[in-house]
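# Coordinates in review
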Amino acid sequence: MANNDKLKIKIIIGSIRKSRFGDKAAQFIFEETKKRDDMNVEIIDLMDYPLPLFNEPISPSRITTGKYDNPVVQKWADKIGEADGYIIVTPEYNHGYPAALKNALDHVYYPWNKKAVGFVAYGSVGGARSVEQLREVTIELQMAPIRTGIHIPFQVMMEIFNKKEGDKIDHFLAFRQQAGDFLSQLAWWTRALKNAREAEKSKNAPL
Ligand SMILES: Cc1cc2nc3c(=O)[nH]c(=O)nc-3n(C[C@H](O)[C@H](O)[C@H](O)COP(=O)(O)O)c2cc1C
C-alpha cells in the first residue's frame, strides 16, 4: 500500500513504572502490526511526556486553536493529533486503569475525536475491568472503541517476567491469532472514520 494511504496508528503505553510489563505488551502488538502493510505504527511512551497533574485553566474541549501554553502538553497534543487510530496498552491498578493514563487522556480533547481505539490489557482478569472503564471514557472523548480486546492473564505476565536467559518460548503465541482479528477490526474502524473525517473536511473546504 502506498505510504500516504497507510493508517497512522499510535500504540500508547499506559504504565510509567520503570519495571513495567507495559512495554513488553506494547512490543508484542507492535510486532503483530508489522505483519500488515496498511499501517504506519509508532509506540508512544507516556514517560516521554511528563505532563503535570491536569491543572489547565480551561477544559481542553474549549481549546479550538490547537495551541497550549505548556510545551509538554503541546508536544502531547501534536503527537496525538498525528494519529488516525490508537492502541492503548493498559494494566489494572486497583480494578481501574492507571492515573497517568487518565491524566494523559484528559489533557487534550479534539485530537482524540472521531478516531478508533483498541485495547491491549493485562492482569488477573486480563485487565478487563480497566478496559471497561476506558471504553466509557474514550466514548466521552468522541472516540470509537472497538469490540475486540486482547487480554493477557497474570500467569502469562509472570512467565514473561521470570523468563530465563536462553528461553526461546513464545509466551505471546496464544495471542497472535487474536491480534490478527483485533488489528483487522481496528483497521476497519480507523479507515471508516478517516474517510468520514476527510469527507467532512472537503465538504467544509472553500470552493
Ligand atoms: C498499585 C497497583 C495496584 C494493582 N491492582 C491490580 C488489580 O486491581 N488487578 C490486577 O489484575 N492487577 C493489579 N496489580 C498488579 C498488576 O497487574 C501488575 O503489577 C502489572 O505488572 C502492572 O502493570 P505494569 O507493570 O505495566 O505497571 C496492581 C499493581 C499495582 C502496582
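One structure accompanies this document, and this report is about it. Predicted model only: the values in this text are computed from it and were never measured. (Residues numbered from 1 in each chain as written. Predicted model: local features only at pLDDT ≥ 70, side-chain atom pairs only at ≥ 80, totals over all residues.)

### Concerning the pairing of strand β4 (residues 115–123)
Going by this rule: Exposure classification rests on a simple neighbour count of other C-beta atoms within 10 Å of a residue's own: a residue reaching 20 or more is buried, one at 12 or fewer is exposed, and one in between is partly exposed. C-beta atoms are placed from the backbone. Under the DSSP-based scheme used, a helix requires at least four consecutive residues in state H or I and a strand at least two consecutive residues in state E, with every element numbered from the N terminus. A pair of strands is considered paired only if DSSP assigns at least 2 bridges between the two. Crossovers are described as right-handed under a simple rule: with the strands pointing away from the observer, the path leading from the first strand over the helix to the second runs clockwise.
Judged by how many residues are buried, β4 sits mostly within the fold: nine of nine residues are covered. Bridge count between strand β3 (residues 85–90) and β4: six bridges; the pairing is parallel. For G85, the partnering residue across the bridge sits in β4 and is A116. Chirality of the crossover, the property in question, places the unit of β3, helix α3 (residues 99–106) and β4 among those that are right-handed. When β4 meets strand β5 (residues 143–145), the two strands line up parallel, connected through three bridges. The residue of β5 that forms the bridge with K115 is M143. In this fold, the crossover linking β4 to β5 by way of helix α4 (residues 128–140) has right-handed handedness.

### Re the site of the ligand
What counts, and what does not: The rule is simple: place the C-beta atom from the backbone, and if it lies within 6 Å of a molecule or strand, the residue is near it. Throughout this entry, Asp, Glu, Lys and Arg are counted as charged residues, while Ala, Val, Leu, Ile, Met, Phe, Trp, Tyr, Cys and Pro are counted as nonpolar. The remaining residues, Gly among them, count as polar.
S15, R17, R20, F21, G22, P91, E92, Y93, N94, H95, G123 and S124 make up every residue found near the ligand. For the shell around the ligand, the per-class residue count stands at three nonpolar, six polar and three charged.

### Considering the environment of A196
Of note, A196 is situated in helix α6 (residues 173–204). Residue classification places A196 among the exposed residues on the basis of 11 C-beta atoms within 10 Å. For the pair A196 and D45, spaced 151 residues apart in sequence, the C-alpha to C-alpha distance is 29 Å.

### Describing unusual backbone geometry
Even without a glycine there, the phi angle at H95 is positive, about 65°. Here H95 is to be found in the loop between β3 and α3. When the 13 C-beta atoms within 10 Å are taken as the criterion, H95 is described as partly exposed. Phi angles above zero are rare outside glycine, and Q142 is one such case at about 60°. For Q142, the position within the fold is in the loop between α4 and β5. The class for Q142 is partly exposed, based on 13 C-beta atoms found within 10 Å.

### Brief notes about the pairing of strand β2 (residues 39–45)
Where strand β1 (residues 7–13) and β2 come together, seven bridges link them in parallel fashion. What sits directly across from I13, in β2, is D45. Taken together, β1, helix α1 (residues 22–33) and β2 form a β-α-β motif whose crossover is right-handed.

### Quick word on the environment of R135
With respect to the secondary-structure elements, R135 resides in helix α4. Remark: the alpha-carbon pair of R135 and G118, spanning 17 residues in sequence, is separated by 9.3 Å.

### As for the packing of α1 against α6
To be explicit about the condition: Orientation is described by axes fitted as lines to C-alpha atoms, over the contacting stretch for helices, and by angles from 0 to 180 degrees between their N-to-C directions. Angle categories: roughly parallel below 35 degrees, roughly antiparallel above 145, roughly perpendicular from 65 to 115, and oblique for all the rest. Crossing handedness is read from the near helix: turned anticlockwise from the far helix by less than a right angle, it gives a left-handed crossing, and turned clockwise, a right-handed one. The contact criterion used is a C-beta to C-beta distance within 7 Å, with each C-beta placed from the backbone.
For the pair α1 and α6, interaxial distance at closest approach is 10 Å and the crossing angle is 65°. The orientation of α1 relative to α6 falls into the category roughly perpendicular. The crossing of α1 and α6 is right-handed. Of the residues in α6, those in contact with I29, E32 and T33 of α1 are R176, A179 and L183. For the contact of α1 with α6, the residue count by class is three nonpolar, one polar and two charged.

Note that all results are geometric; they support no functional claim without further evidence.
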